[in-house]
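Given next are the chains, with one letter for each unit.
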Amino acid sequence: MRHAFLDEYSRLDSILHRRDPRVKIGVFFACILFIVLTPPEQMRSFFLYFLLLSGLMALSRIPAVFVLRKSLELMPIVFCIAAFIPFYKPGVVIFTLNAGFIRLPLTHTGLMLMWNVIVKAYLSILCSILLVNTADFVDLLKGFERLRIPRLVVMIVSFMYRYLFVIEDELERMQVARMSRSVRRSGWGLIKTLSNIVGVLFIRSYEKAEKVYLAMCCRGYTGPIRTLHAWRITKNDIYFCAFMLIILMTIRM
């Protein structure tokens, strides 16, 4: 079965791919922090952040079409949240939307807040995509471990990513089995069938996770992430980190 991997270009060879995972984690989290702390009225700063991320994307040689497609796949969640903001934030009313007995005043403050949420969410998503696609997933987990992130959190993320595709395959097989054993249903019958599928999928996922964990413990699994590369922070990593921090502070100021 075909899967859409988020880290499809993590094994390329570029300036960003050669940097230490800890440095990349710190740099991209700093980017997200600067983006979040920027006031919404500073539109020029957001444009400069976008140019900075575009430059990093060009250096990493990740196709722009891939980044655009992945970012747009995550944006509907943001739009669903941001769509209601202009109607409940108090401020100067621009116009009122009448829907029967419901009156929804749209305010200027609400529009600015919606713009703030959408832009910051999109730029943060770009940072996350660049981070995941410039480091192998195992190296990224090792970087989090060396940054003193709790080992339990790292282990949960590791299992979640590795076996998410197994659960997806299981769900697809169950969907095929449902379609081959029943006629098309609609309304309450379809909802009941889907709820049964979700329940069975949860039980199978729990059982599979327990079996896999016990099998790994029998084979010597103790928790630490093991990688083929012995990453060490070099002068180039320090230069890259300092350069990015200077650029971010310049944009913010």
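Preceding block: the structure.
We now turn to the structure provided with this report. Since we're looking at a predicted model, the values are computed, not measured. (Residues numbered from 1 in each chain as written. Predicted model: local features only at pLDDT ≥ 70, side-chain atom pairs only at ≥ 80, totals over all residues. Heavy atoms only, no water.)

Focus: the nonpolar core
Ranked by internal contacts, the top residues of the largest apolar core, which has 36 residues, are Tyr49, Leu56 and Leu123. Elements with a minimum of two residues in this core: helix 1 (21–37), helix 2 (43–60), helix 3 (64–82), helix 5 (108–133) and helix 9 (235–252). Looking at which element gives the most residues to this core, the answer is helix 5, with ten residues. Apart from residues lying up to four places away in sequence, Leu56 is in contact with Leu16, Phe28, Leu130, Phe240 and Met244. By size, the runner-up hydrophobic cluster in this structure holds six residues, among which are Phe137, Val154, Tyr161 and Phe165. (Core = buried A, V, L, I, M, F, W, Y, C linked by side-chain atoms within 4.5 Å. Buried < 20%, exposed > 50% of the residue type's maximum accessible area, 1.4 Å probe, protein only. Helix = DSSP H or I, 4+ residues; strand = E, 2+ residues; numbered from the N terminus. Contact = heavy atoms within 4.5 Å.)

Notes on the packing of aromatic side chains
Evaluated as defined, the whole model comprises two aromatic pairs. Arranged with centres 6.3 Å apart and planes meeting at 90 degrees, the rings of Phe46 and Trp115 form a pair that is edge-to-face. You can see Phe46 sitting in helix 2 and its partner Trp115 sitting in helix 5, a full 69 residues away along the chain. Aromatic ring contacts, followed pair by pair, group Phe46, Tyr49 and Trp115 into a single cluster. (Phe/Tyr/Trp six-rings, centres within 6.5 Å; stacked < 30°, edge-to-face > 60°.)

Side note on unusual backbone geometry
Not every positive phi belongs to a glycine, and Arg61 is a case in point at roughly 65 degrees. Tracing the backbone shows Arg61 in the loop between helix 2 and helix 3. The exposure class assigned to Arg61 is exposed, which follows from its relative accessible area of 53%. In this structure, Arg148 takes a positive phi of about 70 degrees despite not being glycine. With respect to the element layout, Arg148 can be found in the loop between helix 6 (137–146) and helix 7 (151–181). Residue classification places Arg148 among the exposed residues on the basis of a relative accessible area of 74%.

Concerning helix 9
Under the 1.5 Å per step criterion, the end-to-end length of helix 9 is 26 Å for 18 residues, consistent within 8% with the ideal 26 Å. If you check which residues of helix 9 are buried, you get Asp237, Phe240, Met244, Leu248 and Ile251. Down the axis of helix 9, the buried side of the element spans an arc of 65 degrees, and every buried residue falls inside it. Seen from the open side of helix 9, the exposed residues pointing more than 90 degrees away from its buried face are Lys235, Ile238, Tyr239 and Thr250. Buried residues belonging to helix 9 abut helix 1 and helix 2. (Expected span 1.5 Å × (residues − 1). Arc of directions from axis to C-beta.)

Quick word on the environment of Ser45
With respect to the helices and strands, the residue Ser45 is situated in helix 2. Once the C-alpha coordinates of Ser45 and Thr250 are considered, the two residues, 205 residues apart in sequence, prove to be 9.6 Å apart. Contact partners of Ser45, with chain neighbours within four places excluded, come to Thr38 and Ile251. In terms of polar contacts, Ser45 uses its side chain to reach the backbone carbonyl oxygen of Ile251, at 3.5 Å. (Polar contact = N/O pair within 3.5 Å; in protein donor to acceptor, adjacent residues only side chain to side chain.)

Quick word on the packing of helix 1 against helix 5
Closest axis-to-axis distance for the helix 1/helix 5 pair is 9 Å, and the angle between their directions is 175 degrees. As judged from the angle between their axes, helix 1 and helix 5 are roughly antiparallel. On the side of helix 1, the interface is formed by Lys24, Ile25, Phe28, Phe29, Cys31, Ile32, Ile35 and Val36, while helix 5 contributes Lys120, Leu123, Ser124, Cys127, Ser128, Leu130 and Leu131. Of the residues that constitute the contact of helix 1 with helix 5, the class distribution is eleven nonpolar, two polar and two charged. (Axes fitted to C-alpha atoms, helices over the stretch in contact; angles between N-to-C directions. Parallel < 35°, antiparallel > 145°, perpendicular 65-115°, else oblique. Nonpolar A, V, L, I, M, F, W, Y, C, P; charged D, E, K, R; others polar.)

Some points on the pattern of salt bridges
All told, the structure shown has seven salt bridges when counted by the stated rule. For Asp136, the salt bridge goes to Arg11, with nearest N and O atoms at 3.1 Å. Of this pair, Asp136 sits in the loop between helix 5 and helix 6 while Arg11 sits in the segment before helix 1, and the two are 125 residues apart along the sequence. A residue is classified by how much of its surface remains accessible, and Asp136, at 16% relative accessible area, is buried. For Arg11, a relative accessible area of 71% puts it in the exposed group. (Salt bridge = Lys/Arg side-chain N within 4 Å of Asp/Glu carboxyl O.)

Here's the deal with a nonpolar patch on the surface
A surface patch of nonpolar side chains, about 380 Å² in accessible area, is lined by Leu147, Ile149, Val153, Val157 and Met160. Among the secondary structure elements, Ile149 is positioned in the loop between helix 6 and helix 7. By relative accessible area, Ile149 is classed as partly exposed at 33%. (Patch = residues over 30% accessible without salt bridge, like charges linked within 9 Å, V, L, I, M, F, W, Y side chains within 5 Å. Areas by Shrake-Rupley, 256 points an atom, 1.4 Å probe, with all protein chains shown as cover.)

A few points about the side chain of Glu145
The residue Glu145 is located in helix 6 in this model. Side-chain polar atoms of Glu145 contact the side chain of Lys142, separated by 3.1 Å. When residues no more than four places from it in sequence are discounted, the contact partners of Glu145 are Arg151, Val154, Gly223, Pro224 and Ile225.

On their own, these measurements won't tell you what the molecule is for.
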